[in-house]
Amino acid sequence: MNKELEKLKQLKTKRNELSKQFGIALENHDITEVITAMIKQDNLFDEIIKTYDSMIEKGN
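Predicted, not measured: the structure shown is a model, and the values here were computed from it.

Colleague: Hey, could you run me through the overall build of the protein chain in this one?
Modeller: A tally of helices and strands in the protein chain yields two helices and zero strands. Its C-alpha atoms put the protein chain at 45 × 15 × 10 Å along the principal axes. Out of the 60 residues in the protein chain, the part that is buried amounts to 20%. The contacts in the protein chain between residues at least 6 apart in sequence include a share of 65% that link residues at least 24 apart. Surface summary for the protein chain: the accessible area is close to 4900 Å², and the carbon and sulfur share equals 55%. Mean positive and mean negative side-chain charge positions of the protein chain (10 and 11 charges, respectively) differ by 6 Å.

Following this line, the structure appears as structure tokens:
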């Protein structure tokens, strides 16, 4: 379980970085960077869900 918690902390840090990148790209009207950040965020959210699912499975 500690491994999963550590992974979630790392994913949270990545999420915060991507949020900043998304905001900067949006301000700069850089559609390519906006789309790239959105795709990375989507992949990151998938990883977060997988980690939570793993934690739930191990808890049962």
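Colleague: Honestly, the environment of Arg15 in this entry has me stumped. Any pointers?
Modeller: Mapped onto the fold, Arg15 is located in helix α1 (residues 2-27). Given a relative accessible area of 31%, Arg15 falls into the partly exposed group. Considering only alpha carbons, one finds Arg15 and Lys40, 25 residues apart in sequence, at a separation of 9.0 Å. When near neighbours in sequence (up to four residues on either side) are disregarded, Arg15 contacts Leu44 and Phe45.

Colleague: Is there a simple way to explain the packing of α1 against helix α2 (residues 31-59) in this structure?
Modeller: A pair of packed helices can be characterised by two numbers: the angle between their axes and the separation between those axes. Packing of α1 against α2 leaves a shortest axis separation of 9 Å and a crossing angle of 165 degrees. Between α1 and α2, the angle falls in the class roughly antiparallel. Regarding α1 and α2, the two cross each other, and that crossing is left-handed.

Colleague: What is the right way to look at the nonpolar core in this model?
Modeller: Membership of the largest hydrophobic core is limited to six residues, which are Leu8, Leu11, Leu18, Leu44, Ile48 and Met55. When near neighbours in sequence (up to four residues on either side) are disregarded, Leu11 contacts Leu44, Glu47, Ile48 and Thr51.

Colleague: What exactly am I supposed to notice about a nonpolar patch on the surface here?
Modeller: A cluster of nonpolar side chains, namely Ile31, Ile35 and Ile39, defines an oily patch on the protein surface of about 290 Å² accessible area. Position of Ile31 relative to the elements: it lies in helix α2.

Colleague: Please clarify how α2 should be interpreted in this entry.
Modeller: Every α-helical turn comprises 3.6 residues, leaving residues that sit three or four positions apart pointing alike. If you check α2, its first and last C-alpha atoms are 42 Å apart, about what 29 residues at 1.5 Å a residue would give, namely 42 Å. Listed in full, the buried residues belonging to α2 are Val34, Ala37, Gln41, Leu44, Ile48, Thr51 and Met55.

Colleague: It is not clear to me how α1 should be interpreted in this structure. Could you clarify?
Modeller: Taking 1.5 Å of rise per residue, the 26 residues of α1 would be expected to cover 38 Å, and the 38 Å separating its terminal C-alpha atoms lies within 8% of that figure. Where α1 is concerned, the buried positions are Glu4, Leu8, Leu11, Leu18 and Ala25. Positive phi shows up at His29, right after α1, with a value of about 55 degrees.

About the cut-offs
Residues numbered from 1 in each chain as written. Predicted model: local features only at pLDDT ≥ 70, side-chain atom pairs only at ≥ 80, totals over all residues. Heavy atoms only, no water. Helix = DSSP H or I, 4+ residues; strand = E, 2+ residues; numbered from the N terminus. Buried < 20%, exposed > 50% of the residue type's maximum accessible area, 1.4 Å probe, protein only. Contact = heavy atoms within 4.5 Å. Areas by Shrake-Rupley, 256 points an atom, 1.4 Å probe, with all protein chains shown as cover. Lys, Arg positive; Asp, Glu negative; His and termini not counted. Charge placed at Lys NZ, Arg CZ, Asp CG, Glu CD. Axes fitted to C-alpha atoms, helices over the stretch in contact; angles between N-to-C directions. Parallel < 35°, antiparallel > 145°, perpendicular 65-115°, else oblique. Left-handed = near helix turned anticlockwise from the far one by under 90°. Core = buried A, V, L, I, M, F, W, Y, C linked by side-chain atoms within 4.5 Å. Patch = residues over 30% accessible without salt bridge, like charges linked within 9 Å, V, L, I, M, F, W, Y side chains within 5 Å. Salt bridge = Lys/Arg side-chain N within 4 Å of Asp/Glu carboxyl O. Expected span 1.5 Å × (residues − 1).

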